[in-house]
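Survey of secondary and tertiary structure
One-letter residues, chain by chain:
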Amino acid sequence: DPLAAAAARAAGATPKTLFDWDFAQKELSDALGATVTLKVEEEIAKEREALEVKATEMSTRFAKEREEMLAEVQRLRVQGPASAEAKAEEEFKLKEIESKIVQVAAFRKQREASIATYRRDLIRLEETLVRLNPVVGEANAMATQMGRKVAFAIKLETSIPETSTTSPLEELWNDKITDVMIRVTMTGHTDEVKRAWLWAVDEFYDRVFQIRDQFTLHLRSQPLGFSKNKTGDPFWAPPKPELIGKAFLYLTPIAHRSQFSDWLPILDIAGCTQGELKVSLKCTASNYVDAPEPVAEPESMLGEELHFTLRIDGARKLIGDVTTDTFVCYTFSDEERARMSDICEGRTTAPSYSYKEAFDVQKLSTKMLAYFTLDAICFEVWGQAEEVAEGIAKAAAIEQPPEIFDFFVSIDIHEATTEVRGDTWIEAGWEKGVTRDGKPALYVTQNRARRIVISVSQQQSLFMVSRFAHVWLGNLRDEFHHVWDASYIPLTITSQSRVGDRFELVCEWFSQFDALNQASCRGKVFYLDVKLECAELERLVLEEPVILNRRLNVAIEGKTNGAPGGLYSKKGPRRVVHEASGKGIVPDKDRIQRLEEHMQHYMGSWDITGEAVDIAMASLKSSAVADTGKEIKKQLHEMDEGLHKLAANMLDEQNRQLEVLAKALAKADGNAAAAIVEKKRQATERHAVVASAMQETRLEDESKVAAEAEIERLRKEALEEERRKLQQEQLKSKGLEEERKKLQDMLEEAQRQLEQSQKEAAAAKYKAGTQKKSSACLMQ
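Summary of the structure given here. (Residues numbered from 1 in each chain as written. Predicted model: local features only at pLDDT ≥ 70, side-chain atom pairs only at ≥ 80, totals over all residues. Heavy atoms only, no water.)

Quick look at the overall build of the chain
- Looking only at helices and strands, the chain features 12 helices and 26 strands.
- Summarising the internal contacts of the chain: among those between residues at least 6 apart in sequence, 75% fall at separations of at least 24. (Helix = DSSP H or I, 4+ residues; strand = E, 2+ residues; numbered from the N terminus. Contact = heavy atoms within 4.5 Å.)

Here it is, written out as structure tokens:
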């Protein structure tokens, strides 16, 4: 209930977990060890020292500059009555100090507000990545299985929204938005020919649902419901316009009623140049032809009309694959709809646009003047990639089980040293060519506890034995096929498991078949049938169990040779198998191969059921989760470096445009040129303040994240220590229980031996009394 959950959170309680699809995806990712975590604290160790040094240097530099300015002002005051020029210089320096203090304080306040947003963005990204990671792995696995040369990857994309009240640099630092996208790459007939595009997360989820439906049809070998690389293909999307980069034209020439014309660099989000864009900006009279006189102080134009023209001639040196049907779009001031140039059709690296637009400002307001003074027009250059013919890859169809299954069954016998099962077992002696038909036989000793060790291997790698339900032993007969006992005895399966490519099970066989313990059986060979009931095969639904019937050849030892317990046979010393160490049985591969026999079982034809498809889908999901944590952290680091590079290039371009404007104005108005130079200096200082505050913000936030990570680490260590202690207590309790059971077994064995001794003594006494009585009768 959402209301109950909200009430519980408000009361400080933890609401019940909602077991929905997202929870299942996260649980799957956690179970496979592939949960994507941003782990900001890992970057702290590398950058903390450098950031602290930079922050200290900047703080020291600002403090030193402030002290120098205050000292200069004090010096001017001490010199006595100051001239008008000295007073103006003093007031200018005081205003400059106050301006710096106000700027830093304002940005620090804005920084505090952005910390919470930054943290929310990290949490949002992490939650999205945790849900998305296993789905991306599943989509890639399905594409490979279906023979599609399409790859999906998580991509972090940063966008910078435009506002009319802040400069592009401030928008970059304060308003940037990072979103998770899916990058789809289609490969052509060679690895060099590719086309890539982006999908939003919601679009990707919709496509995955469609891919799952088509993958189910593929598993059933049914025709797919779409044509490759056509509308309806869930792996394909037609080429669409993509952003090549942005070029920034600062509007300062309009604020000084001047003009500007030059090639602007086209920058992508990583700060790399993707080409150049030729633009021209010219302030004119109302006829859009005559050029007005430049002004030094932009405030002097408040309330006046303003006319200017904007021209986009073309681009050059475009790089990359997105150079087809390019065009330019931009937004002026508060306009909601973007303006767009004509499309330059075809593929070219030097498109021509010949775009021209005239602008009129009827009455220059303070807000519009601030826009011309601080902001810039952002030209977005868009293009389209050419279609790529997808390459051919081999599809992997679901493997059908064969009609005839091949099993290789090896049966071995281990004997105890007495009739009672102990911790030590001895392998039965083995010799080939013992039976009448030339088969090998295992030598066993009478009156011994035994166990049968069975090893089963197969040729099929996908339909392996996973469980045996029952094992029977019976139909005792000699080598002349005279039946001694036709009954079957169920054996107790004590363990069964897969060991590499073999499935092994151990069955207890105590001293059954009393006929084998008769003295007349010594030195003879007997046949027994071992029936194995296989109840489960991997990836298959059995209507009835698979029965394997294997003959076991047993030769009864005539007598033990040497040490007690039958440590020797006709073939020499036997291998002693110890279980007390807890390591279990160490198989002898050569011995298994010698005792192995090939058996075939006819299974008939198979149908692919819905359950089989579900199992195949589940197996695909569990094995296809990609660990993208390192890749995401790499993208975050590269994105951070790219944003700093972009900011530096934007500042350089702003200064370059201001220098060009200053040189142009120097010829007409020296005061206007000086104002431009001052504007450049202020822009550089604003960027330094912004960069310093942003680095300080990052350092503080990373310190908080590091503290939280340390608390989480200590919590996990405490939980792990508690779990370890509990495990030790359980092991100790288990050891005591095993010791108690062992003592109980020893006590019962001693009791049994005592009773046996008493019976033997009574029998001996009775026999002695009978013999004495018979002697007395004979004497009489």
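A word on the pairing of strand 3 (residues 194–200)
- Looking at chain direction, strand 2 (residues 177–187) and strand 3 are connected through seven bridges and run antiparallel. In the sheet register, T187 faces strand 3, and the bridge partner there is K194.
- Between strand 2 and the antiparallel strand that follows it, strand 3, lie six residues. (Pairing = 2+ DSSP bridges.)

A short note on the packing of aromatic side chains
- Applying the stated rule across the entire model yields 18 aromatic pairs.
- With centroids separated by 6.0 Å and ring planes inclined at 80 degrees, the aromatic side chains of Y330 and Y355 adopt a geometry described as edge-to-face. Of this pair, Y330 sits in strand 8 (residues 324–330) while Y355 sits in strand 11 (residues 352–361); the two residues are 25 residues apart in sequence, bridging distant segments of the chain. For the pair Y330 and Y355, a shared accessibility class is recorded, and that class is buried.
- Where F405 meets F407, the ring centres are 6.2 Å apart and the plane angle is 25 degrees; that geometry is what we call stacked. With respect to burial, F405 and F407 carry one shared label: buried.
- By the ring-pair criterion, three or more aromatic residues cluster together here, those being F152, W197, W199, F204, Y205 and F235.
- Directly above the ring of W263 sits R316, whose terminal nitrogen or CZ lies 4.0 Å from the centroid.
- When the ring centre of Y488 is taken as reference, the NZ or CZ atom of K531 above it lies at 4.6 Å. (Phe/Tyr/Trp six-rings, centres within 6.5 Å; stacked < 30°, edge-to-face > 60°. Buried < 20%, exposed > 50% of the residue type's maximum accessible area, 1.4 Å probe, protein only. Lys NZ or Arg CZ within 6 Å of the ring centre and 35° of its normal.)

A few points about the layout of surface pockets
- Within this model, the largest pocket holds a volume of roughly 1,600 Å³.
- What lines the largest pocket is a set of 48 residues, and nearest its centre among them are E157, R183, L198, E242 and L243.
- Mapped by element, the contributors of at least two residues to the lining of the largest pocket are strand 1 (150–159), strand 2, strand 3, helix 6 (201–219), strand 4 (242–250), strand 12 (376–384) and helix 11 (629–668).
- Classifying every residue of the lining of the largest pocket by side-chain character gives 25 nonpolar, eight polar and 15 charged. (1 Å grid on protein atoms, 1.4 Å probe; cavity = no way out; pocket = protein on both sides within 12 Å on 5 of 7 lines; lining within 4 Å. Points joined across faces, edges and corners; volume = space filled by probe spheres on them. Nonpolar A, V, L, I, M, F, W, Y, C, P; charged D, E, K, R; others polar.)

Considerations on unusual backbone geometry
- The phi dihedral of N229 falls on the positive side, at around 60 degrees, and the residue is not glycine.
- Relative to the helices and strands, N229 resides in the loop between helix 6 and strand 4.
- Positioned with a positive phi, R257 is a non-glycine residue whose angle comes to about 55 degrees.
- Following the sequence through the fold, R257 ends up in the loop between helix 7 (252–255) and strand 5 (259–267).

Observations regarding the pairing of strand 20 (residues 502–509)
- Counting buried positions along strand 20 yields eight of eight residues, so the element is predominantly enclosed.
- Burial along strand 20 is two-sided: the residues R502, E504, V506 and E508 and F503, L505, C507 and W509 are all buried.
- When strand 19 (residues 483–499) meets strand 20, the two strands line up antiparallel, connected through seven bridges. Note that in strand 20 the partner of T492 across the bridge is E508.

A short note on the pattern of salt bridges
- Applying the stated criterion across every chain, the model contains 26 salt bridges.
- For D321, the salt bridge goes to R347, with nearest N and O atoms at 4.0 Å. Here R347 lies in strand 10 (residues 344–347) and D321 lies in the loop between strand 7 (306–316) and strand 8, a separation of 26 residues in the sequence.
- Residues E653 and R656 are paired through a salt bridge, measuring 2.8 Å at the closest nitrogen-oxygen approach. Taken together, the residues E653 and R656, both in helix 11 and three residues apart, mark about one turn of the helix.
- Note on E653: relative accessible area 9%, which makes it buried. (Salt bridge = Lys/Arg side-chain N within 4 Å of Asp/Glu carboxyl O.)

Quick word on the nonpolar core
- With 51 residues, the main nonpolar core has L132, F152, I182 and F204 as its most contacted residues.
- Looking at which element gives the most residues to this core, the answer is helix 4 (residues 84–145), with nine residues.
- Setting aside its immediate chain neighbours within four residues, I182 contacts L132, V136, F152, A153, I154, W197, L198, W199 and F204. (Core = buried A, V, L, I, M, F, W, Y, C linked by side-chain atoms within 4.5 Å.)

Considering the sheet that holds strand 2
- If you walk across this open sheet you meet the three strands as 1-2-3, and the pairing is antiparallel. Looking along the sheet, the strands with just one partner apiece sit at the ends: strand 1 and strand 3. Each adjacent strand pair in this sheet contributes to an overall mean axis angle of 30 degrees, direction not counted.
- The sheet contacts of helix 6 involve strand 1, strand 2 and strand 3, and relative to strand 3 the element is tilted by about 110 degrees. (Axes fitted to C-alpha atoms, helices over the stretch in contact; angles between N-to-C directions.)

Observations concerning the side chain of R477
- On the secondary structure map, R477 appears in strand 18 (residues 465–478).
- Within the structure, R477 has its side chain in polar contact with the backbone oxygen of N475 (distance 2.7 Å).
- Reaching out from R477, the side chain makes a polar contact with the side chain of D529 at a distance of 3.1 Å.
- If we ignore the near neighbours within four places in the chain, the residues touching R477 are H482, V483, W484, F526, Y527, L528, D529 and R551. (Polar contact = N/O pair within 3.5 Å; in protein donor to acceptor, adjacent residues only side chain to side chain.)

Geometric descriptors of this kind do not, in isolation, establish any biological role.
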